[in-house]
Amino acid sequence: MSVVAAYLGFAGKSATGSARKQLSRWGIAATSREPGRSGESLHPAAQVRAAHEARPGPGRRDGARGQGGRFTASTDT
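Model, not experiment: these values are computed from the prediction. (Residues numbered from 1 in each chain as written. Predicted model: local features only at pLDDT ≥ 70, side-chain atom pairs only at ≥ 80, totals over all residues. Heavy atoms only, no water.)

Trainee: Is there a simple way to think about the environment of Ala 30 in this case?
Mentor: By secondary structure assignment, the location of Ala 30 is in the loop between helix H2 (15-26) and strand E1 (32-33). On a C-alpha basis, the gap between Ala 30 and Pro 44 in space is 7.3 Å, while along the polypeptide they are 14 residues apart. Discounting chain neighbours no more than four positions away, the residues touching Ala 30 are Ser 41, Leu 42 and His 43. (Helix = DSSP H or I, 4+ residues; strand = E, 2+ residues; numbered from the N terminus. Contact = heavy atoms within 4.5 Å.)

Structure representation (structure tokens):
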């Protein structure tokens, strides 16, 4: 979960909790757990990447992060 939290941009003490809540909102369930008492949940990387790329960018309510637009480095004007 800590890798997912870092990928999604969460930091600090509550990063793993924030990532867990976000994945729950997206409907992405853990596929397994790491071994050991303190093992973290493992999530499908492809689903996490796809959901993250589909999120709207900062300052925009429409358009995905991967699309060009006013707040990205797009060459289209």
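Trainee: For this particular structure, what's the right way to read the layout of surface pockets?
Mentor: Leftover empty space is mapped by rolling, across the atoms, a probe with the size of a water molecule. The space that makes up the largest pocket amounts to roughly 210 Å³. Around the largest pocket, the lining residues are Met 1, Val 3, Val 4, Tyr 7, Glu 34, Glu 40, Ser 41, Leu 42, His 43, Ala 45, Val 48 and Arg 49. Elements represented by at least two residues in the lining of the largest pocket include exactly helix H1 (2-8), strand E2 (41-42) and helix H3 (45-53). Within the lining of the largest pocket, the residues separate by chemical class into seven nonpolar, two polar and three charged. (1 Å grid on protein atoms, 1.4 Å probe; cavity = no way out; pocket = protein on both sides within 12 Å on 5 of 7 lines; lining within 4 Å. Points joined across faces, edges and corners; volume = space filled by probe spheres on them. Nonpolar A, V, L, I, M, F, W, Y, C, P; charged D, E, K, R; others polar.)

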